[in-house]
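# Breakdown of the fold
Chain residues, written in single-letter form:
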Number of protein chains: 4
Amino acid sequence: MENKKEFIIRTDLALEKSEIVKEQKGTLGDGVETIEEEKGTCKITTVNILNEKGSEMLGRPCGTYITIESEFLNKNDASCHEEAAKCTAQCLNRIEKFKNAKSILVVGLGNWNITPDALGPKVVERMLVTRHIMDTVPDELKNGGVRPLAALSPGVMGITGIETFEIIKGVTEKTKPDVIVAVDALAARSVKRINQTIQISDTGVAPGAGVGNKRAELSEKTLGVPVIAIGVPTVVDAATMAGDTIDRIIHEMKVSSEKGSEFYAMLDDLSHEEKYSLIYEILQPYEENMFVTPKDVDFVIDNLSEIIANAVNIASHPGFTIEDIKKYCI
Amino acid sequence: MENKKEFIIRTDLALEKSEIVKEQKGTLGDGVETIEEEKGTCKITTVNILNEKGSEMLGRPCGTYITIESEFLNKNDASCHEEAAKCTAQCLNRIEKFKNAKSILVVGLGNWNITPDALGPKVVERMLVTRHIMDTVPDELKNGGVRPLAALSPGVMGITGIETFEIIKGVTEKTKPDVIVAVDALAARSVKRINQTIQISDTGVAPGAGVGNKRAELSEKTLGVPVIAIGVPTVVDAATMAGDTIDRIIHEMKVSSEKGSEFYAMLDDLSHEEKYSLIYEILQPYEENMFVTPKDVDFVIDNLSEIIANAVNIASHPGFTIEDIKKYCI
Amino acid sequence: MENKKEFIIRTDLALEKSEIVKEQKGTLGDGVETIEEEKGTCKITTVNILNEKGSEMLGRPCGTYITIESEFLNKNDASCHEEAAKCTAQCLNRIEKFKNAKSILVVGLGNWNITPDALGPKVVERMLVTRHIMDTVPDELKNGGVRPLAALSPGVMGITGIETFEIIKGVTEKTKPDVIVAVDALAARSVKRINQTIQISDTGVAPGAGVGNKRAELSEKTLGVPVIAIGVPTVVDAATMAGDTIDRIIHEMKVSSEKGSEFYAMLDDLSHEEKYSLIYEILQPYEENMFVTPKDVDFVIDNLSEIIANAVNIASHPGFTIEDIKKYCI
Amino acid sequence: MENKKEFIIRTDLALEKSEIVKEQKGTLGDGVETIEEEKGTCKITTVNILNEKGSEMLGRPCGTYITIESEFLNKNDASCHEEAAKCTAQCLNRIEKFKNAKSILVVGLGNWNITPDALGPKVVERMLVTRHIMDTVPDELKNGGVRPLAALSPGVMGITGIETFEIIKGVTEKTKPDVIVAVDALAARSVKRINQTIQISDTGVAPGAGVGNKRAELSEKTLGVPVIAIGVPTVVDAATMAGDTIDRIIHEMKVSSEKGSEFYAMLDDLSHEEKYSLIYEILQPYEENMFVTPKDVDFVIDNLSEIIANAVNIASHPGFTIEDIKKYCI
């Protein structure tokens, strides 16, 4: 079944990819390490890709991928949101390149005209921007309490005519930040993970990741500055969901009836080409632009952008609490 | 397979419902009449439900359901949009109760905070509202060239705390229109029909139709005034899509391999309860609030609302052309 | 100078009107009573119009007009906003007809497309609407802890073609609230009061008040239900400001130089017609639609709508705190 | 009176500045040349600052300042808007550096959160951006019919923490356009000119111009690429308006009565310090952030941004008409 799975499953979450590989191969091998923790209502899973072997297995560069999951992220619960923001800030501070940076550039990726892709720009709107007012910051806050922070949403190529990378590169050269934090909306495989998961990674943004899908790599290699990526899966693409449904029906039939296993065997009998063409026929109507999102996506993206902005704000400015941020930011 | 289909397929389009029935029973019987036409890039299908038998078969009240389909509705093509608007206006004028009305109330149903549900409110924003300025209308336009038109978006119960029906009933009693035009976003069965179809019906709005789903009947019976419904399917709900995928895989296997027909026979062998529980297991993750929409839904809803507003404007005010409307409306 | 003043000064604040009368006549007579208090950063002034004489003097119906002033209302200070919301809620509860009402309809007046006029609709968006879910409210909250509350923004006549009054009357008849709270943006005389003042009155909304200016009276007399008006001056009209400038120059010259008093005497010598025509010439360019607003009006209106919504929410639902509201509302 | 005037009058329009100088000195001298034309409903005035003397007199660099005025710009009249767009495109093409440029970067200055300052960003939203799709442009359009055009709204320093200049400089270095077109909202002296005037100049954007007021110079000197500025006055600041009112009252009194001239003489008698302090007292309440705008500013800015975007689109892409643009752009 691997080929089919490769054909249809799209996910930007290292955690989901590791689950898929585990399901397929039974093990992640010795190139990948996963650690699970619980903090209040949040579950934190760290996937460390340790070497080339792990990198190949998960299709991602070596580095750390921290996933914060909470079923309250997309519910209307202010105190759980605050907990999630604090938890995300702590995870962010585990990344030394962020923690030790003297100045920060926050970049909001994605298209602000498309609601499930607008997460990054909406986070940027809520950042406590300080780079231009550092000379007015009180002395007691200057030794790291408030760090110079700039924030920019470069838009997408269809809006500007300019590769996102070029804009960020140009601005990085002019403003010389120590670290870039790139916030982006992601695609998940599983409907259950939509808007309930935050992923932090220290490897930057892979080419073609995100909801919008056409983007050059943003990383220390390409930009000359470490890039921390923060993402939330806000959609499942319709083709992935259709493929997932096919998997589920096969799985259910295997489990729920003996006849299912006959069917499974039968599907196994089909040649690779037959399978490919079957899947292709079924998925054809779900063009690349069809996505599964919750009905209240506008509202949920607002909440998520506040959570992530709070997290980045308090992690960037240790002299400030979330209460302080609310006093000074919109 | 009927039970399964009943369980999972949701559509507000009479045309889709008639297709499903035809597929299942082979015929629509003598209670339903369908007529097809082509006008430029638009395909018009009229489904007339003639009697109680037809009504039961399609699960809708007796009356006329006109569907205008064009693959350009959700593309960025101003001249096809104008053609579709004119075609929709002509279809609207086939309904005598609209054509002969001396005054019109346009009602935009749906939740303006949820993009795929905001079609109705967005149409209302673009209406050429005249009821309050009829005494300033030039004499030559008064004999039907411009009709008194009012327009209102009542919001949804979650926003107002008031049943939509109560607001419309209250306003209808105060303003006494001859006809109500209710514009609403709909749910379709097929992803292909999303944002490519306009349905006009003279039977009002059924309870529970639309994207938002919790609404009392709006009809001549309940409001005392004829209600013309205009709707566009803007979503497919995720459970319907998952169910559709299951149908497709079964169908494809039947067609593409002999083994498929074995599988089909096998599924047929399962008892009703077994099938129900299989489907239930598979659909569980796609909660009622998960929808399939195109990524550019914000942009498409804008275009569609302009098309429908233009149609209702020129049909309501025969003295005006689309060019005139552009001059006077936003 | 009275005539000139009458000609140019426009204010919806009873407090400003009382100041103008005092300035002109030296006294408010025995028809008007004013009481001043301080609560933290808020100054509360209650103007009671006691009888016909007071009513004529201030050009307003008999009743209570409570003004809450705070220089922090239009600043970005979350804790002062909370203080102002609580203070406003207390003032609202001084009005018996509100305090004792079993059910509440909040009406957001004004045009949501015009930022300084959008206060009412924005407050409605933030209301904790409960009328439709009273059967799910826990028993311990039912004895007044949560009251059935509905909320509606009727729009303005230019948008709907329907007199605001007709919509509210229709909805009132259907939903039968015990009291109506009408929230509106107002015009002030003084630039200093813009967005720093909240006025509560128990006399309803006068015809032609508000930023939008064309509205029928909303009161117990016309609607059959007590109407509490809450307003914030968000603009000064440009003609009023120009007139105010003229007053100021005259006043300054009187005070700052002997020559000023000659000038004042000279102005006094001009006949009424001469004065009228002088003023008319000067004010002509400032058409009725020109207003003075702060540059950051979008941001300030957002803050003010949150303050007022919080106030109405906690006053309407005594079982809830502002913290609770934040948890359940957007 | 010059000192007072210097103190209070703020205008970004070269035309207004030239009128003020003419009023004060009676002549513009030989450093400034003005040419007037009429095209349909548009009046075009070209102010050429020829030398250092002219530059000093008008407080602006040498170069060409073209002003297009039409009383229909802020009215709802689609055909006059089209005329104005065409007229503006023609004026833009008179500037050789624009006409001969092989590639164009459009920059939308100003703060998109503040309606009267959002003109530039709104124009950028409507640009027919082509830089990223030049390889898909049909051959017949390639020889200048469609030019590579990129568009960017850099935001303001309060939003990004980055000087606008730095962002534009960075992006310019990466994308290497032949010419930059910078669109900005301006401040006028006269209420009459608000939203009725378009200014094009080939000298770039002066430091501190625009509604937002804190900006480094954008010009060929600072960016290494010619900068064409297009601006529309969308506000008069309240202090300028108050000052203008003072001027008007003095002027009217001079004209309308002999006593006025006494008053004028009297004002003249006041020492410079006395005048300064008088004006200061009067203007104090109108803080820097108070502006005069029309009530329907949201709607007018939408219209103006469409007019200017159409103008820049057809001037940049001579192979396209406004009709074509409507077909391909939002």
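Residues numbered from 1 in each chain as written. Chains lettered and ligands numbered in written order. Predicted model: local features only at pLDDT ≥ 70, side-chain atom pairs only at ≥ 80, totals over all residues. Heavy atoms only, no water.

### Considerations on the overall build of chain A
- Of the regular secondary structure elements, chain A holds 15 helices and nine strands.
- Taken over 330 residues, chain A has a buried fraction of 62%.
- Looking at chain A alone, contacts between residues at least 24 apart form 73% of all its contacts between residues at least 6 apart.
- For chain A, the exposed surface amounts to about 12900 Å²; the carbon and sulfur share of it is 48%. (Helix = DSSP H or I, 4+ residues; strand = E, 2+ residues; numbered from the N terminus. Buried < 20%, exposed > 50% of the residue type's maximum accessible area, 1.4 Å probe, protein only. Contact = heavy atoms within 4.5 Å. Areas by Shrake-Rupley, 256 points an atom, 1.4 Å probe, with all protein chains shown as cover.)

### Regarding unusual backbone geometry
Residues and elements named next belong to chain D.
- Phi is positive for K176, which is not a glycine, with a value near 45°.
- Note on K176: relative accessible area 61%, which makes it exposed.
- Residues other than glycine seldom take positive phi values, yet N195 does so here, at roughly 60°.
- Structurally, N195 can be placed in the loop between β6 (179–187) and β7 (197–201).

### Let's talk about the domain arrangement of chain A
Residue and element names in this part refer to chain A.
- Taken domain by domain, chain A consists of domain 1 (14–240 + 288–328) and domain 2 (241–286).
- At the junction of the two partners, domain 1 supplies nine residues and domain 2 supplies seven residues.
- Taken together, both faces of the contact between domain 1 and domain 2 bury some 660 Å²; the carbon and sulfur share is 49%.
- A per-residue breakdown of the area domain 1 buries against domain 2 is headed by R189, A239 and T240, which together make up 53% of the total.
- Here domain 1 and domain 2 share zero salt bridges between them.
- Inspection of the domain 1/domain 2 interface yields zero residue pairs in polar contact (both at pLDDT 80 or more).
- Those elements that place two or more of their residues in the side of domain 1 that touches domain 2 are β8 (227–237) and α11 (238–256). (Domains from an automatic or database assignment. Buried area = accessible area lost by both parts, 1.4 Å probe. Salt bridge = Lys/Arg side-chain N within 4 Å of Asp/Glu carboxyl O. Polar contact = N/O pair within 3.5 Å; in protein donor to acceptor, adjacent residues only side chain to side chain.)

### Some words on the pairing of strand β8 (residues 227–237) of chain C
Residues and elements named next belong to chain C.
- Here β8 lies mainly inside the structure; 11 of its 11 residues are buried.
- Pairing analysis gives eight bridges linking strand β6 (residues 179–187) to β8, with the strands arranged parallel. Its bridge partner being in β8, V181 is matched across the sheet by I228.
- Pairing analysis gives three bridges linking strand β7 (residues 197–201) to β8, with the strands arranged antiparallel. Each residue of the ladder has a partner; that of Q199, found in β8, is G231.
- As paired elements, β8 and strand β9 (residues 290–294) share two bridges and run antiparallel to each other. Directly across from D237, in β9, lies its bridge partner F291. (Pairing = 2+ DSSP bridges.)

### Comments concerning the pairing of strand β9 (residues 290–294) of chain D
- Counting buried positions along β9(D) gives five out of five residues, so the element sits mostly inside the fold.
- Residues M290(D), V292(D) and P294(D) point to one face of β9(D) and F291(D) and T293(D) to the other, with burial holding for every one of them.
- Pairing of β9(C) with β9(D), which is carried by five bridges, proceeds in the antiparallel orientation. Bridge pairing in β9(D) links F291(C) to T293(D).

### Concerning the pattern of salt bridges
- Enumeration according to the criterion identifies 46 salt bridges over all chains in this entry.
- Notably, a salt bridge pairs E173(B) with K174(C), separated by 3.0 Å at the nearest N-O pair. Of the two residues, E173(B) sits in helix α9 (residues 164–175) while K174(C) sits in helix α9 (residues 164–175), which places them in two different chains.
- A single salt-bridge network, built from bridges that share partners, covers E16(A), E19(A), E69(A) and R193(A).

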